[in-house]
Amino acid sequence: MKIDSKLTISKGELKKLYRPELRELLALSVYQATDSKIDSILEHIVHQITYVFFASESDRIVGLLLIKQQATNFFEILSIAVFPTKQHQGIGRLLIDRLLQTYPDCQIEAETDQETVNFYHSLGFRIHSLGEKYPSTIRYKVLYDHKFWNPVPFEWLIEQIQ
């Protein structure tokens, strides 16, 4: 598995990334994805994304992490996606790890749903419920700040309580 960090990618290079697998990955991370929503995200990537991380196998993109720098050492995850056939193989973790290797003192924030909140928790993100933000959909704000947050393994906590 190869993880590429596109930290200083030009707008021209990003436009070359309008590949079918990129559109497919973005559709996985967008609620009720449509072609117009994907086009809008791609346009946003070209003009506003700070950093793009790709996971690839045999020159095929299988995962991506789009982040925006909000302040010095503070990043917002705009999208993270891995093809379903490649999920649960550590690719999402590798993408987050690459961000943390590149910026070891950073804070990371994201908004997520019930389906992926456990992924973030397993990486040490703090979880805050935003409640039912959309009909029948609970959303969560997740925050990683390794300077102050040292997650306790759930199993260890249970052992201490018993």
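Residues numbered from 1 in each chain as written. Predicted model: local features only at pLDDT ≥ 70, side-chain atom pairs only at ≥ 80, totals over all residues. Heavy atoms only, no water.

Along helix α2 (residues 20–28), the positions that sit buried rather than exposed are E21, L22, L25 and L26. Each buried residue of α2 lies within a common arc of 140° when the element is viewed along its axis, so the set occupies one face. (Buried < 20%, exposed > 50% of the residue type's maximum accessible area, 1.4 Å probe, protein only. Helix = DSSP H or I, 4+ residues; strand = E, 2+ residues; numbered from the N terminus. Arc of directions from axis to C-beta.)

Attention now moves to the confidence of the model for the chain. This prediction gives the chain a mean pLDDT of 78; 75% of its residues lie at or above 70. Model confidence for the chain, summarised as mean pLDDT per element, is weakest for helix α6 (residues 154–161) at 50 and strongest for strand β5 (residues 107–113) at 93. Of the regions scoring below 50 in pLDDT, residues 7–11 engages in nine contacts with residues more than four places distant in sequence or in other chains. (pLDDT = per-residue confidence, 0-100. Contact = heavy atoms within 4.5 Å.)

Turning our attention to the pairing of strand β4 (residues 74–82). Among the nine residues in β4, seven count as buried, and that is most of the element. As judged from the eight bridges shared by strand β3 (residues 60–71) and β4, these two strands associate in the antiparallel manner. By the bridge assignment for β4, Q69 is matched with F75. Between β3 and β4, which pair antiparallel and follow one another directly, the connecting turn spans two residues, one of which, N73, has a positive phi of 55°. In this sheet, β5 lies alongside β4 in parallel orientation, the contact comprising three bridges. Paired with E76 across the bridge in β5 is E109. Viewed along the sheet, the connection from β4 through helix α4 (residues 91–102) into β5 turns out right-handed. (Pairing = 2+ DSSP bridges. Right-handed = clockwise from strand over helix to strand, strands pointing away.)

Once that is clear, we can look at the pattern of salt bridges. Opposite charge on two side chains allows them to pair when their charged atoms are near. All told, the structure shown has four salt bridges when counted by the stated rule. The salt bridge partner of E109 is K141, with a shortest N-O separation of 3.8 Å. Here E109 is found in strand β5, whereas its partner K141 is found in strand β7 (residues 137–145), with 32 residues between them in sequence. In this structure, R139 engages E111 in a salt bridge whose closest nitrogen and oxygen atoms are separated by 3.1 Å. Highlighted residues: R139 in strand β7 and E111 in strand β5, separated in sequence by 28 residues. (Salt bridge = Lys/Arg side-chain N within 4 Å of Asp/Glu carboxyl O.)

Judged by nonpolar contacts, the single largest core of 39 residues is most densely connected at L65, I77, I96 and I108. Ranked by residues supplied to this core, first place goes to β3 with six residues. (Core = buried A, V, L, I, M, F, W, Y, C linked by side-chain atoms within 4.5 Å.)

Assessed through its relative accessible area of 17%, R139 is described here as buried. Each residue touching R139, except ones within four places of it in the same chain, is listed here: E111, T112, D113, H128, S129, L130, G131, K133 and Y134.

Summed over the entire model, instances satisfying the criterion amount to four aromatic pairs. Here F125 and Y144 contribute two aromatic rings whose centre-to-centre distance is 5.4 Å and whose plane-to-plane angle is 50°, an arrangement assigned as tilted. Of this pair, F125 sits in the loop between α5 (114–122) and β6 (126–134) while Y144 sits in strand β7, placing them 19 residues apart in sequence. Residues F125 and Y144 agree in their burial class; the two are buried. (Phe/Tyr/Trp six-rings, centres within 6.5 Å; stacked < 30°, edge-to-face > 60°.)

Time to look at unusual backbone geometry. The phi torsion at N73 lies on the positive side, around 55°, for a residue other than glycine. The topology assignment puts N73 in the loop between β3 and β4. Judged by its relative accessible area of 28%, N73 is partly exposed. Not every positive phi belongs to a glycine, and S136 is a case in point at roughly 60°. Inspection of the secondary structure puts S136 in the loop between β6 and β7.

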